[in-house]
Amino acid sequence: MLTILHTAYTDTRADDLAWALGREPLPALAVLDLELSGAKLQLRLLGASHQVLLEEKQGSCSETVACMPGSSTPLPLGVAKRLGDWEYEFAARVETLSNGSFAGRAQELLALVADHPQGLAGTFPGSPHAFTAMLAQRLEGQVRWRTWHAYPQEGRLVVTRTRVGARMPATL
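Just so it is clear, the model here is predicted, and its values are computed rather than measured.

## A look at the overall build of the protein
- When helices and strands are tallied, the protein shows one helix and twelve strands.
- When its helices and strands are written in sequence order, the protein yields β-β-β-β-β-β-β-β-α-β-β-β-β.
- Over its C-alpha trace the protein gives a radius of gyration of 16 Å, about what one expects of a compact globule, namely 16 Å for 172 residues.
- For the protein, the proportion of its 172 residues judged to be buried stands at 48%.
- Taking contacts inside the protein between residues at least 6 apart in sequence as the whole, the part at least 24 apart equals 58%.

As structure tokens, then:
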């Protein structure tokens, strides 16, 4: 699903993004509710940022990547945590692209997500390449999602991927 986010493009620096687990739902500009083999997943666009809410029998998980005033946790390159019966893995990277490459990558990603039944993307007024996009899937008993946060004025694209799944039993 592709939507235009009717808001000012204010989160304009990739370096301002922060990461948090366990936050309450924040006001969203666009929401996509999904059912993935028993897992309830809500993809939420918060301007140039995202929040994912996951609920399953084993528990719930809330991931937020946003410009959060007062946050002391900048966007990490990687996180691995135990959440009850789950293993949570998060990874992020920043791609720096030339203007021409950025425009092509933006078009490619928006085309990938726009018509995908498990995808949500939002573009901002003023720049066709200012967007946030999310894509989710259930694979091998795990819920996974990828996100893209575009900052065309910097030529930077923040890419994240997350995997949440049952903890594997220890082997001896």
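## Considering the sheet that holds strand S5 (residues 50–56)
- Overall, antiparallel pairing links the five strands, which are arranged S2-S6-S5-S4-S3 in an open sheet. Two strands in the sheet have a free side with no partner beyond their single neighbour: strand S2 (18–21) and strand S3 (30–36). Put simply, the sheet's adjacent strands are angled 10° from each other on average, direction ignored.
- Note: S2 against strand S6 (residues 59–66), four bridges, orientation antiparallel.

## Some details on the pairing of S6
- Across the eight residues that make up S6, a large majority, six, are buried.
- When S5 meets S6, the two strands line up antiparallel, connected through seven bridges. Its bridge partner lying in S6, Val52 is registered against Glu63.
- In this structure, the hairpin formed by S5 and S6 is closed by a connection of two residues.

## Concerning the environment of Cys67
- Along the chain, Cys67 falls in the loop between S6 and strand S7 (78–83).
- Here Cys67 falls in the partly exposed class, since its relative accessible area comes to 22%.
- A C-alpha to C-alpha distance of 9.5 Å links Cys67 and Gly47, two positions 20 residues apart in sequence.

## Brief notes about the layout of surface pockets
- Its volume calculated, the largest pocket comes out at about 170 Å³.
- What lines the largest pocket is His116, Gln118, Leu135, Ala136, Gln137, Arg144, Trp145, Arg146, Trp148, Arg161, Thr162 and Arg163.
- Mapped onto the lining of the largest pocket, the elements with two or more residues apiece are strand S10 (127–139), strand S11 (142–151) and strand S12 (156–166).
- Among the elements that line the lining of the largest pocket, the one with the most residues is S11, at four residues.

## A word on unusual backbone geometry
- Phi angles above zero are rare outside glycine, and Ser37 is one such case at about 50°.
- For Ser37, the location among the structural elements is in the loop between S3 and strand S4 (39–45).
- A positive phi angle, close to 50°, is found at Glu140, a residue other than glycine.
- Within the secondary structure, Glu140 is located in the loop between S10 and S11.
- Classification of Glu140 as exposed rests on a relative accessible area of 71%.

## Observations concerning the pattern of salt bridges
- For the structure shown, the criterion picks out seven salt bridges.
- Between Arg156 and Asp15 there is a salt bridge whose closest N-O contact spans 3.2 Å. Residue Arg156 is located in strand S12, and its partner Asp15 is located in the loop between strand S1 (2–4) and S2; the two are separated by 141 residues in the primary sequence.
- With its nearest N and O atoms 3.3 Å apart, the salt bridge here joins Glu95 to Arg105. Note that Glu95 is positioned in strand S8 (residues 86–96) and Arg105 in helix H1 (residues 99–114), a separation of ten residues in sequence.
- What emerges from the salt-bridge pattern is a single network uniting Arg93, Glu95, Arg105 and Glu108.

Parameters and conventions
Residues numbered from 1 in each chain as written. Predicted model: local features only at pLDDT ≥ 70, side-chain atom pairs only at ≥ 80, totals over all residues. Heavy atoms only, no water. Helix = DSSP H or I, 4+ residues; strand = E, 2+ residues; numbered from the N terminus. Rg over C-alpha atoms; globule rule 2.2 N^0.38 Å. Buried < 20%, exposed > 50% of the residue type's maximum accessible area, 1.4 Å probe, protein only. Contact = heavy atoms within 4.5 Å. Pairing = 2+ DSSP bridges. Axes fitted to C-alpha atoms, helices over the stretch in contact; angles between N-to-C directions. 1 Å grid on protein atoms, 1.4 Å probe; cavity = no way out; pocket = protein on both sides within 12 Å on 5 of 7 lines; lining within 4 Å. Points joined across faces, edges and corners; volume = space filled by probe spheres on them. Salt bridge = Lys/Arg side-chain N within 4 Å of Asp/Glu carboxyl O.

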